[in-house]
Amino acid sequence: MRRRQFVTGALGLSIALGTGPVAAADRPSPFDDRTQNPRAIVQVYEQGGLLYGRVKQILDQHYANAVCQHCSGYAENKPVLGLVIMQGLKPDGAQWDGGTILNPEDGKVYRCRIHLSPGGETLLVRGFIGTPMLGRTQTWQRVAG
């Protein structure tokens, strides 16, 4: 399986992307929204025809041992490192849609839509509540690896 990696914002994660087209997402991002510095690497992979994203590496040492203390369900009190934060995205034309993305900082889960830029160097990740109009998009940059 091919994997691609991107650097991102809110939690400061970068992502590795599996094969296939990808779409947009928002608020729950691996970048720090205040500093715009990356804080982690997220590996994005395809499994069973769906797209998932797992925190592969934490770049900001302040969060090296972070746990998802505000999360519930499968993520409750789990280490952020190794945590699946993006799940269940289905192919929908040139994007992936219908999944969710978790913000480990506050435990909130958002609907998610993602797509790759035409050159494949950036991943647009949109997290939203209800309708995509009620959300935010972050741009995650591809990293080697």
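Residues numbered from 1 in each chain as written. Predicted model: local features only at pLDDT ≥ 70, side-chain atom pairs only at ≥ 80, totals over all residues. Heavy atoms only, no water.

Regarding the pattern of salt bridges
In a structure, side chains of opposite charge can pair up when their charged atoms sit close to one another. Defined as follows: Any Lys or Arg side-chain nitrogen found within 4 Å of a carboxyl oxygen on Asp or Glu counts as a salt bridge. Where helices and strands are cited, they refer to DSSP runs of H or I of at least four residues and of E of at least two residues respectively, numbered from the N terminus. Partly exposed describes any residue whose relative accessible area lies between the buried limit of under 20% and the exposed limit of over 50%, with all areas from a 1.4 Å probe on protein chains only and scaled to the type maximum.
Here the structure, examined in full by the defined rule, presents two salt bridges. Of the charged contacts, one joins Arg39 and Glu105 as a salt bridge, the two residues approaching to 2.9 Å between their closest N and O atoms. With Arg39 in the loop between strand E2 (14–17) and strand E3 (40–47) and Glu105 in the loop between strand E6 (95–103) and strand E7 (108–116), this residue pair connects regions lying 66 residues apart in the sequence. The partly exposed category is assigned to Glu105, whose relative accessible area is 31%. In this structure, Asp97 engages Arg113 in a salt bridge whose closest nitrogen and oxygen atoms are separated by 3.2 Å. You can see Asp97 sitting in strand E6 and its partner Arg113 sitting in strand E7, a full 16 residues away along the chain. Taking the relative accessible area as the measure of exposure, Asp97 reaches 14% and is therefore buried. Judged by relative accessible area, Arg113 falls into the partly exposed class, the value being 22%.

Section: unusual backbone geometry
For residues that are not glycine, phi is negative in most cases, and the peptide bond is trans in most cases. Its identity is not glycine, yet Asn77 carries a phi of approximately 55°, on the positive side. Assignment of secondary structure puts Asn77 in the loop between strand E4 (50–58) and strand E5 (84–92). Judged by its relative accessible area of 47%, Asn77 falls in the partly exposed class.

With respect to the packing of aromatic side chains
What counts here: Two rings belonging to Phe, Tyr or Trp (six-membered ring only in the last case) form a pair when the distance between their centres is within 6.5 Å. Interplanar angles under 30 degrees mark stacking, angles over 60 mark edge-to-face geometry, and anything in between is tilted.
Within the structure shown, the criterion is met by one aromatic pair. Here Tyr45 and Tyr52 contribute two aromatic rings whose centre-to-centre distance is 5.7 Å and whose plane-to-plane angle is 20°, an arrangement assigned as stacked. Neither residue differs from the other here; Tyr45 and Tyr52 are each classed as buried.

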